[in-house]
Amino acid sequence: MVDRLHETDRSVTVLDGDVARRMLSSGLGFSRADRDTNIRRLGWVGAEFARHGGLAVLAPIAPFAATRAEVRQLVQAHGDLLLVWVSTPLEECERRDRKGLYKLARECKIKEFTGVSDPYDVPENPELRLDTNGQDVDYCAHQVLLKLEQLLQLRKSDGPKRPRVVAEVVDELGQRDRHRHGFGGLVLGGGIRRAGRQ
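Please read these numbers as outputs of a predicted model, since none were measured by experiment.

> What am I meant to see in the overall build of the protein here?
Scanning the protein from N- to C-terminus turns up 7 helices and 7 strands. Out of the 198 residues belonging to the protein, those deemed buried represent 45%. Excluding contacts between residues fewer than 6 apart, the proportion of contacts in the protein whose partners are at least 24 apart in sequence is 70%. As presented, the protein carries roughly 10,800 Å² of accessible surface, and 51% of it is formed by carbon and sulfur atoms.

Laid out in structure tokens, this is it:
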């Protein structure tokens, strides 16, 4: 998906949650206050990127609704925010567990672990919800691009509400469609969906 975004006329940056935590928030732990601070820092960087006409893909685990709302407010001062809830059942997160963190959390070796010993506030109104259980990465990425293109079309029809910038969105046929719009931010958020929750 990010490769497709790099084909546009926009500057695109990706702020991966693990990398950003290491580079921006290395002194923070995983208490609620520290996690909120980490997400606020990512949001601020994303908002600054949007302020300068770029597109920021933020990919942290942002478990708390209040903090996500603060980030939305930060970004929307300069552009738009597309919240993508990557809704993955807890069981699937544990099955994928590439880093072994869920196993450690279940053994109580990691405290305050989202979805196991710490809560995750399910987004009430995400712009896009992706259930990754049984879906491949390319399909999910394509859904994000379609939603982004839809937002760009809405911006085009509503007229500019933000500084005008140019971007291209590549559709599934590889055709380029130029839009003048004011989209200034894209946020991807991971989330854990407990069994039975939609």
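> Help me out: how do you make sense of helix α4 (residues 65–76) in this one?
Spacing of three or four residues puts side chains on the same side of an α-helix, whose turn is 3.6 residues. Here α4 spans 16 Å end to end across 12 residues, near enough to the 16 Å set by a 1.5 Å rise per residue. For α4, the full list of buried residues reads Thr67, Arg68, Val71, Arg72 and Val75. Here the buried residues of α4 occupy an arc of 145 degrees about the axis, which is enough to place them on one side. Lining the buried residues of α4 we find α3 (32–51) and β3 (83–89).

> I'm lost on the layout of surface pockets in this one. Help?
Take a probe with the size of a water molecule and roll it over the atoms, and the empty space left behind shows itself. In this structure, the second largest pocket occupies an estimated 300 Å³ of space. As for the second largest pocket, its lining consists of 20 residues, and the residues nearest its centre are Ala65, Arg68, Ala69, Arg72 and Leu83. At the level of elements, α3, α4 and β7 (186–193) are the ones that each hand at least two residues to the lining of the second largest pocket. Residue contributions to the lining of the second largest pocket peak at 5 residues, all from α4. Looking at the lining of the second largest pocket residue by residue, the classes come out as 14 nonpolar, 2 polar and 4 charged.

> Teacher, can you tell me more about a nonpolar patch on the surface here?
Where nonpolar side chains cluster on the molecular surface, the patch consists of Val19, Met23 and Leu24 and spans about 280 Å² of accessible area. By the element assignment, Val19 lies in helix α2 (residues 17–24). Judged by its relative accessible area of 38%, Val19 falls in the partly exposed class.

> Is there a simple way to think about α3 in this case?
When the terminal C-alpha atoms of α3 are compared, their 28 Å separation across 20 residues agrees well with the 28 Å that a helix rising 1.5 Å per residue should span. Each element contacted by the buried residues of α3 is listed here: β1 (12–16), α2, β2 (55–59) and α4. Immediately downstream of α3, the backbone of Gly53 shows phi near 85 degrees, a positive value.

> Would you take a moment to explain the packing of aromatic side chains for this structure?
How two aromatic rings sit relative to each other is given by the distance of their centres and the angle of their planes. Scanning all chains against the criterion turns up 1 aromatic pair. Here Tyr102 and Phe113 contribute two aromatic rings whose centre-to-centre distance is 4.9 Å and whose plane-to-plane angle is 85 degrees, an arrangement assigned as edge-to-face. Taken together, the residues Tyr102 in helix α6 (residues 101–106) and Phe113 in the loop between α6 and β4 (128–131) connect sequence positions 11 residues apart. Across from the ring centre of Phe64, 3.8 Å away, lies the NZ or CZ of Arg32, which sits over that ring. Positioned over the ring face of Tyr120 is Arg68, at 5.5 Å from the centre of the ring.

About the thresholds
Residues numbered from 1 in each chain as written. Predicted model: local features only at pLDDT ≥ 70, side-chain atom pairs only at ≥ 80, totals over all residues. Heavy atoms only, no water. Helix = DSSP H or I, 4+ residues; strand = E, 2+ residues; numbered from the N terminus. Buried < 20%, exposed > 50% of the residue type's maximum accessible area, 1.4 Å probe, protein only. Contact = heavy atoms within 4.5 Å. Areas by Shrake-Rupley, 256 points an atom, 1.4 Å probe, with all protein chains shown as cover. Expected span 1.5 Å × (residues − 1). Arc of directions from axis to C-beta. 1 Å grid on protein atoms, 1.4 Å probe; cavity = no way out; pocket = protein on both sides within 12 Å on 5 of 7 lines; lining within 4 Å. Points joined across faces, edges and corners; volume = space filled by probe spheres on them. Nonpolar A, V, L, I, M, F, W, Y, C, P; charged D, E, K, R; others polar. Patch = residues over 30% accessible without salt bridge, like charges linked within 9 Å, V, L, I, M, F, W, Y side chains within 5 Å. Salt bridge = Lys/Arg side-chain N within 4 Å of Asp/Glu carboxyl O. Phe/Tyr/Trp six-rings, centres within 6.5 Å; stacked < 30°, edge-to-face > 60°. Lys NZ or Arg CZ within 6 Å of the ring centre and 35° of its normal.

Limitation: the analysis is restricted to geometry and does not speak to function.
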